[in-house]
Amino acid sequence: MIHLSNIERFYKNGLLKTWVLRDINLQVQPGEFVTIMGPSGSGKTTLLNILGMLDQPDKGEYLFFDEAVHKFNEKKRTELHKHYIGFVFQAYHLIDELTVYENIETPLLYRGVKSQERKSLVADVLDRFNIVAKKDLFPHQLSGGQQQLVGVARAIIGKPKLLLADEPTGNLHTSQGEMIMDLFAQLHKEGMTILQVTHNEKNALYGSRVIKLEDGFVREDKPITPDA
Amino acid sequence: MFSNYLKITLRTLLKQRVHSMINLLGLALGLACTSIIVLWIKRELSMNQFHEHKAELFRVLEHQTYDDAVFTFAATPGPLAEKLKADFPEITHASRVSWGERSLLAYGRESFYQEGRSVEPDFLEMFTFPLLQGNQETALSNPNNILITRELADKYFGGEDPMGKVMRLDDEADYEVAGVLADIPENSTLKFDFLLPLDNYLKQDESLNSWNNNSIQCYFRVRPGVEAGAITEKIKKIVAENGQENVALLAHPLSDWYLRSRFQDGKLQGGRIDSVRLFGIIAVFILLIACINFMNLSTAKSANRAMEVGVRKVSGATRGLLAGQFLSESLIMSALAGLLGIALAAVALPYFNRLFELELAISSAGPGFWLGMGAAIVITGLVAGSYPAFFLSGFQPVKVLKGLVRKSGGAVQLRKALVTAQFAISVLLIIGALVIYRQIQFIKNKNLGYDKENLLYVPVNGALWDKYETVKTELMQMPGILSVSSTNGQVHQWGNNTSNVSWEGKDPEQAILFQTIPVGYGFVKTIGASLKAGRDFSPEFPADSTNFLINETAARLMGMDEPVGQTISLWEETGRIVGLLRDFHVGSFHQAQDPVIMILRPWKNFIYIRLKPGDGLSGLLASMEMVFRKHNPAYPFEYHFTDREYEELHRNEQRTGELAKVFAFLAIFVSCLGLFGLASFMAEQRTKEIGIRKVLGASVGGITRLLTMDFLKLALIAIFIASPLAYYLMNKWLQGFAFRIGIPWWVFALAGLITALVAILTVGFQSVKAALANPVRALRSE
Ligand SMILES: Nc1ncnc2c1ncn2[C@@H]1O[C@H](COP(=O)(O)OP(=O)(O)OP(=O)(O)O)[C@@H](O)[C@H]1O
Ligand SMILES: [Mg+2]
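Residues numbered from 1 in each chain as written. Chains lettered and ligands numbered in written order. Predicted model: local features only at pLDDT ≥ 70, side-chain atom pairs only at ≥ 80, totals over all residues. Heavy atoms only, no water.

Draft legend 1. Main features of the overall build of chain B. Looking only at helices and strands, one finds 25 helices and 26 strands in chain B. The buried share among the 782 residues of chain B stands at 53%. For chain B, restricting intrachain contacts to residue pairs at least 6 apart in sequence, the fraction spanning at least 24 positions comes to 78%. (Helix = DSSP H or I, 4+ residues; strand = E, 2+ residues; numbered from the N terminus. Buried < 20%, exposed > 50% of the residue type's maximum accessible area, 1.4 Å probe, protein only. Contact = heavy atoms within 4.5 Å.)

Here it is in structure tokens:
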């Protein structure tokens, strides 16, 4: 479903070019659960943004289901975001003006889900993430970890086909982290394609494949065997 | 300290260019309007103020009471002036003053129409119209003296000394120049080119000796310290005691002549002062809108300056000191805007002057103007800066560091209220402009009951009095002329009325004022009025010289169902009604439909000529001129078109309409400026939200709608607030017209639509821009 060939991404700083991603070649099949790892600044978030079509590569080609992404228009991209792709941001990115409940509900609104169904879906997720009590609070009234939970809840509520999660458990207590990873595993089993970024070796084991980035290069790309 | 503030202000100005431009331009436009309006108000208030004895000068007005109404006139009986002076010790001077007659004044080969007034010797001691040459004591004592203004002296005599020269008036009487008056100031309501002693004027009109006729103006001067109310009480009944029982006199003080001279039912209803107030309020409105822009943008951008406030506070600045800093900033801004505004005003003044036929100029404005503008600038600066100063200086360093300032709900609410106020003012001005425009169109197009198009009139003078029949015959032979008739006044502004009418069954107590129109043969046809029953006057019926035509209103007031054939009497002369006219207008639209009685008389002050519609007008006018010049060689050919003169009557409203349009546009423009700035700021502040929403699947259209709706809601609230207010105010304005439009609902809808559209366009542009922005960049900025 995802096919990257010779992707490059760089920033110009005066005359100086700094590469963030270099010569990335990558294929992801539907139903895979891929973990991306690497030191800070190695380009993980940048890669995820490109995969999520929020950002464009400076060079190379990105085929999504055999179609060139750079040819997609705004409308097509909006459609994909609406129905196909879910995001968990490293910096949470909740809407400050909306309550927890409303933040989680937003993707459903854009999808045109009926009010009754929305209510039950949101209630379900709130319950599962154990944040029912917080549902009427605004983001700035939550702790960092709680905001992260809301961010994850928002990403998965619409059951996207492709989930891009940037350090979804970075700020969470171990047991909460495990809960999230169990959830991801279950979603994966149900057929969701997942790409996650993490620094946590244990979390990486939930996936089926690990990609290691360093200085913008792919250093390693190998499947995870259950006994490894 | 101040130079530090100035430096920071200028730096902020340059750093936030769009924001600063909006503030500066808005305030400058507001102040430009203010400076023009201040100039104009100053001029209006200066009317007649040049008279040295201004506090002691009065004009006599008559309130005449009739059955259904009280009418107020400036005409008084001839003997009044002398009686006032003789009977009341506090009245030191009095003079009758004629209405201002246009006459042909000639010296040698120079011959022009000029306006003169006939006055009594006291005139020169009452009013400050100084003599540059001649003796004030004796100048008006010889009936054949004439006093001319310096302008006239230059025109007729060039460099020569005018004193003692003999000028010929209307080709029949000679006058000797006995004085040269300083030119009449532009701000005088009493206007004239020359003055004559009253003697010859008195000889021409017998009725001036009677207490029962009101036909001349009377002015008087009192001893210092005498109040208008007190002197009115004393003189009130004089005319009533001398025969006209329905008349009460009023001493109208000089300061009111120009500004407060509209009376309705015997009560003062205002006058020009209303316009002065109206435009004063509009200036304040526009300034207010500009101030709101300033407040909104400053508080909105406050987050950017939160750090500065925090740091300054930590380093020991008190709240007062900080407020002082922000106030100085807004004062500096408003001073800059003031300079720019005055420059803008200087550019716009020629347009304004043309529209109002004024000669306002900033260069000759005088200290009053600069004082007024200084005050406006300082007040604007303080108003605009007050809230930001209060708001910004209140930041607490701890909260600033936590980044909590953005969530200050109070400021957001206030900003919304202010934007709503701006919208409301704009809606108010749009509705006002629309209603005024429609009323003017209504007046222009209303069926007057006669046909004012292609209707020409020629004032009768010189030899025309005797040669009317010949001229008429020759004119009638021209193919472009349909009919010719005569009358003794102008139809579009008739003002010759009497209550001396009686009919069978009249209640002797009843007093109704009838317009009486003396006409020649063929008048009804010439002006294009129509007969409902009976016939027009005709030479075939010799008895018509004592017969009458009346209009429908007159018939109704006299209680006649079948008026034709009935007998009535006018001025004690009895005759028969031979025709019933459909109602037609004899005046401006401020007057109600009057009852009219037409009589057949050879009193022909004006010749009315009905032209055939179509072109060839200039050729026709040329051949008409030949006829008039042939029979009346001493006078130039002068003619007027009734439709144009009629429009002239409503010139004031037309100008008000023009101005309302300009100001409504300006108000909206300045509001838009602010809105534009605010919207760009809001979009900027919501980039993160927009980015997230896009990632979650929101479309560009959806985001644009989201941002625009916020403002649209405010616009809707404004429409609901402004509409009833506008309805009330415009209804009040319309009350001044006897014939007026209703205010249809769609005026409000249209005003609302315009406002909403403008809001959508202004905000929409920013919103689309925000919606199209790359979400990664927005999200990265966190
Ligand atoms: N706008 C920018 N201009 C210049 N350099 C940038 C810009 N945005 C990102 N970078 C650089 O790109 C590199 C990769 O950033 P990225 O956010 O992808 O790292 P990451 O692997 O996600 O790191 P982390 O684990 O800390 O989240 C960094 O070195 C960063 O400095
Ligand atoms: Mg990252």
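Draft legend 2. Just helix 3 (residues 100-111) of chain A, in detail. Residues of helix 3 of chain A that are buried: Val100(A), Tyr101(A), Asn103(A), Ile104(A), Glu105(A), Thr106(A), Pro107(A) and Leu108(A). Contacts from the buried residues of helix 3 of chain A go to helix 4 (115-128) and helix 5 (144-156) of chain A together with helix 22 (687-695) of chain B. Residue Gly112(A) follows helix 3 of chain A closely and has a positive phi angle near 80 degrees.

Draft legend 3. View of the coordination of the magnesium ion (ligand 2). Residue and element names in this part refer to chain A. The coordination sphere of the magnesium ion (ligand 2), as far as protein atoms go, consists of Thr45 (OG1) and Gln90 (OE1), spread over 1.9 to 2.2 Å. Taken together, the residues Thr45 in helix 1 (residues 44-51) and Gln90 in the loop between strand 6 (85-88) and helix 3 connect sequence positions 45 residues apart. According to the relative accessible area criterion, Thr45 is partly exposed, its value standing at 26%. For Gln90, a relative accessible area of 40% translates into the label partly exposed. (Donors = N, O, S within 2.8 Å, 3.2 Å for Na, K, Ca; no water.)

Draft legend 4. Inspection of the environment of Ala323(B) at higher detail. All names here are of chain B. Along the chain, the position of Ala323 falls in helix 12 (residues 319-356). Separated by 68 residues in sequence, Ala323 and Phe391 place their C-alpha atoms 8.6 Å apart. What Ala323 contacts, discounting residues up to four positions off in sequence, is Ala389 and Ser393.

Draft legend 5. Layout of the interface of chain B and chain A. Every contact between the two is made by 18 residues of chain B and, on the other side, 21 residues of chain A. Interface area lost by chain B to chain A is led by Arg693(B), Val695(B) and Leu696(B), which between them contribute 31%. Secondary structure elements with two or more residues in the side of chain B that touches chain A: helix 22 and helix 25 (775-780) of chain B. With six residues, helix 22 of chain B is the largest single contributor of residues to the side of chain B that touches chain A. (Buried area = accessible area lost by both parts, 1.4 Å probe.)

Draft legend 6. Representation of the site of ligand 1 in the model. Taken together, 13 residues form the shell around ligand 1, and within it Ser40(A), Lys44(A), Thr45(A), Thr46(A) and Gln90(A) come nearest. Around ligand 1, the nearby residues trace back to chains A and B. Between Gly41(A) and ligand 1, the recorded distance is 2.9 Å, taken from a backbone N or O atom to an oxygen atom. Between ligand 1 and Thr46(A) there is a distance of 2.5 Å, counted from an oxygen atom to a side-chain nitrogen or oxygen. Protein contacts shield 64% of the accessible area of ligand 1, which totals 640 Å² for the unbound molecule. Top element by residues in the shell around ligand 1 is helix 1 of chain A. It accounts for three residues. Residue classes in the shell around ligand 1 are distributed as two nonpolar, eight polar and three charged. (Near = heavy atom within 4 Å. Polar contact = N/O pair within 3.5 Å; in protein donor to acceptor, adjacent residues only side chain to side chain. Areas by Shrake-Rupley, 256 points an atom, 1.4 Å probe, with all protein chains shown as cover. Nonpolar A, V, L, I, M, F, W, Y, C, P; charged D, E, K, R; others polar.)

Draft legend 7. Main features of the packing of helix 23 (residues 700-734) of chain B against helix 24 (residues 745-772) of chain B. Residues and elements named next belong to chain B. It is the contact of helix 23 with helix 24, at a shortest axis distance of 8 Å, that shows an interaxial angle of 155 degrees. If you check the angle between helix 23 and helix 24, you find them roughly antiparallel. Judged by the twist between their axes, the crossing of helix 23 over helix 24 is right-handed. Of helix 24, the residues touching helix 23 (which contributes Val700, Ile703, Thr704, Leu707, Thr708, Phe711, Leu712, Ile719, Ser723 and Tyr727) are Phe748, Gly752, Ala756, Ile760, Val763, Gly764, Ser767, Val768, Ala770, Ala771 and Leu772. In terms of residue class, the contact of helix 23 with helix 24 is built from 15 nonpolar, six polar and no charged. (Axes fitted to C-alpha atoms, helices over the stretch in contact; angles between N-to-C directions. Parallel < 35°, antiparallel > 145°, perpendicular 65-115°, else oblique. Left-handed = near helix turned anticlockwise from the far one by under 90°.)

Draft legend 8. Examining the nonpolar core more closely. Formed by 91 residues in total, the largest nonpolar core has its most connected members in Trp40(B), Phe352(B), Phe423(B), Ile431(B), Val435(B) and Phe663(B). Not counting residues within four places of it along the chain, the set of residues in contact with Phe423(B) comprises Leu675(B), Phe711(B), Leu714(B), Ala715(B), Ala718(B), Thr755(B) and Ala759(B). Residues Ile7(A), Leu26(A), Leu164(A) and Val695(B) belong to the second largest nonpolar core, which totals 34 residues. (Core = buried A, V, L, I, M, F, W, Y, C linked by side-chain atoms within 4.5 Å.)

Draft legend 9. Structural context of empty space enclosed by the protein. Residues and elements named next belong to chain A. Summed over the entire model, instances satisfying the criterion amount to eight cavities of 30 Å³ or more. For the second largest cavity, the calculated volume is near 110 Å³. At the level of secondary structure, the elements contributing two or more residues to the lining of the second largest cavity comprise helix 2 (74-83), strand 6, helix 3 and helix 5. A per-element tally of the lining of the second largest cavity places strand 6 first, with three residues. Its residues placed into classes, the lining of the second largest cavity shows seven nonpolar, three polar and three charged. (1 Å grid on protein atoms, 1.4 Å probe; cavity = no way out; pocket = protein on both sides within 12 Å on 5 of 7 lines; lining within 4 Å. Points joined across faces, edges and corners; volume = space filled by probe spheres on them.)

Taken by themselves, the reported measurements are silent on function.
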